[in-house]
Amino acid sequence: MEEPEMQLKGKKVDFLEGTSTFHSTFFATTPKVTDKFTESVYVLANEPSVALYRLQEHVRRSLPELAQHKADMQRWEEQSQGAIYTVEYACSAVKNLVDSSIYFRSVEGLLKQAISIRDHMNAAAQGHSPEEPPPPSSA
């Protein structure tokens, strides 16, 4: 390093003249002191209690938003579960209708048979045979 100098009315002035011991000691110990100071500040800034304080601040800031997200997710889950139940119930109803087609065919056959019996009974009541068509009614 160069020694600090100043020009004063044409004269060269050396501020550290006669202080060569101070000069060498000062510049030798300054890096050590600054390194120790930096290390102390780093240790204090990263001390566990400071870290816990920062963690607490982070939790305090982010917790309301996280709680809102949790509530939203629970509400969406409930809505989804309701929709799933509705779809499953509808599928079950359709399956039951498909399974009951056998019974519908049976009822259809019984209705046709009942209509045929009614026609025979009406024809017998009027005195005609069921094979003969009834006479045209005069209107």
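Residues numbered from 1 in each chain as written. Predicted model: local features only at pLDDT ≥ 70, side-chain atom pairs only at ≥ 80, totals over all residues. Heavy atoms only, no water.

1. Overview of the overall build of the chain
Of the regular secondary structure elements, the chain holds three helices and two strands. Listed by position from the N terminus, the elements making up the chain come as β-β-α-α-α. Relative to its full complement of 139 residues, the chain shows a buried share of 4%. (Helix = DSSP H or I, 4+ residues; strand = E, 2+ residues; numbered from the N terminus. Buried < 20%, exposed > 50% of the residue type's maximum accessible area, 1.4 Å probe, protein only.)

2. Focus: the confidence of the model for the chain
Averaged over the chain, the pLDDT score is 80; the fraction of residues at 70 or greater is 73%. Mean pLDDT values over the elements of the chain span from 49, in strand β1 (residues 5-8), up to 93, in helix α3 (residues 101-126). Counting contacts from residues 1-6, a segment whose pLDDT is below 50, to residues more than four positions away or on other chains yields 14 contacts. (pLDDT = per-residue confidence, 0-100. Contact = heavy atoms within 4.5 Å.)

3. Focus on the packing of aromatic side chains
Applying the stated criterion to the full structure yields one aromatic pair. Judged by centre distance (6.3 Å) and plane angle (20°), the rings of Y85 and Y89 are stacked. Placement of the pair is Y85 and Y89 together in helix α2 (residues 48-99), with a separation of four residues, close to one helical turn. With respect to class, Y85 is no different from Y89; both count as exposed. (Phe/Tyr/Trp six-rings, centres within 6.5 Å; stacked < 30°, edge-to-face > 60°.)

4. Brief notes about the side chain of S62
Inspection of the secondary structure assignment puts S62 in helix α2. Here H58 takes part through its backbone oxygen, which lies 2.8 Å from a polar atom of the side chain of S62. (Polar contact = N/O pair within 3.5 Å; in protein donor to acceptor, adjacent residues only side chain to side chain.)

5. Concerning the pattern of salt bridges
Taken as a whole, this structure holds four salt bridges when the rule is applied. Residue D99 pairs with K95 through a salt bridge whose shortest N-O separation is 3.2 Å. Linking D99 with K95, this pair stays in helix α2, spanning four residues, or about one helical turn. In this structure D99 comes out as partly exposed when scored by relative accessible area, which is 39%. (Salt bridge = Lys/Arg side-chain N within 4 Å of Asp/Glu carboxyl O.)

6. Topic: the packing of α2 against α3
In the contact formed by α2 and α3, the axes pass within 4 Å of each other and the chain directions differ by 40°. It follows from the interaxial angle that α2 and α3 lie oblique. The residues of α3 that touch α2, namely those facing L97, V98 and D99, are S101, I102 and Y103. For the contact of α2 with α3, a count of residues per class yields four nonpolar, one polar and one charged. (Axes fitted to C-alpha atoms, helices over the stretch in contact; angles between N-to-C directions. Parallel < 35°, antiparallel > 145°, perpendicular 65-115°, else oblique. Nonpolar A, V, L, I, M, F, W, Y, C, P; charged D, E, K, R; others polar.)

7. Some thoughts on a nonpolar patch on the surface
Among the surface-exposed residues, L52, L55, V59, L63 and L66 lie close enough to one another that they form a single nonpolar patch of about 480 Å² accessible area. For L55, the position within the fold is in helix α2. In this structure L55 comes out as partly exposed when scored by relative accessible area, which is 49%. (Patch = residues over 30% accessible without salt bridge, like charges linked within 9 Å, V, L, I, M, F, W, Y side chains within 5 Å. Areas by Shrake-Rupley, 256 points an atom, 1.4 Å probe, with all protein chains shown as cover.)

8. A look at α3
Its 26 residues give α3 an end-to-end C-alpha distance of 37 Å, which sits within 8% of 38 Å, the value for a rise of 1.5 Å per residue. Following α3 by one or two positions, G127 has its phi on the positive side, about 90°. (Expected span 1.5 Å × (residues − 1).)

9. Digging into the environment of V50
Summarising the element assignment, V50 is placed in helix α2. When neighbours within four sequence positions are excluded, V50 is seen to be in contact with L44 and A45.

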